[in-house]
Amino acid sequence: MIQPEYIELINKDIDKIISASEKKILDKYLKENEEAKILHKELLRTEELLDTIPENVASENLKKGF
């Protein structure tokens, strides 16, 4: 089980808002916890995939309905 405070650090790392000291703590934890390491890799990959999805723009007809 991954402790909630480390899940928060993983999310901060994915969002690129993690501090240097938090990054050191996270890196140490990821070396020691295989489950957390897998989650971190999966979330990084998901972020990369989401970045490749083109942004959809609503058609003018759809906009008129609102």
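One can find the structure itself at the top, above this paragraph.
Residues numbered from 1 in each chain as written. Predicted model: local features only at pLDDT ≥ 70, side-chain atom pairs only at ≥ 80, totals over all residues. Heavy atoms only, no water.

K.L.:
Sorry, what's going on with the overall build of the chain here?
P.N.:
Scanning the chain from terminus to terminus reveals 4 helices and 0 strands. When the helices and strands of the chain are read in sequence order from the N terminus, they spell out α-α-α-α. A globule of 66 residues ought to have a C-alpha radius of gyration of about 11 Å, yet the chain, at 17 Å, is considerably larger. Within the span of the chain, comprising 66 residues, buried residues form 21% of the whole. In the chain, the share of contacts with a sequence separation of at least 24, taken over all contacts with a separation of at least 6, comes to 47%. Total accessible area on the chain stands at roughly 5,500 Å², and carbon and sulfur atoms take up 56% of it. (Helix = DSSP H or I, 4+ residues; strand = E, 2+ residues; numbered from the N terminus. Rg over C-alpha atoms; globule rule 2.2 N^0.38 Å. Buried < 20%, exposed > 50% of the residue type's maximum accessible area, 1.4 Å probe, protein only. Contact = heavy atoms within 4.5 Å. Areas by Shrake-Rupley, 256 points an atom, 1.4 Å probe, with all protein chains shown as cover.)

K.L.:
Help me understand helix α2 (residues 20-32) in this model?
P.N.:
Across its 13 residues, α2 extends 19 Å between first and last C-alpha, which sits within 8% of the 18 Å expected from 1.5 Å per residue. Every buried residue belonging to α2 is among Glu 22, Leu 26, Tyr 29 and Leu 30, and all of these are buried. The buried residues of α2 occupy an angular sector of 100 degrees when projected down its axis, which confines them to one face. Exposed residues pointing more than 90 degrees away from the buried face of α2 are listed as Ala 20, Lys 24, Lys 28, Lys 31 and Glu 32. (Expected span 1.5 Å × (residues − 1). Arc of directions from axis to C-beta.)

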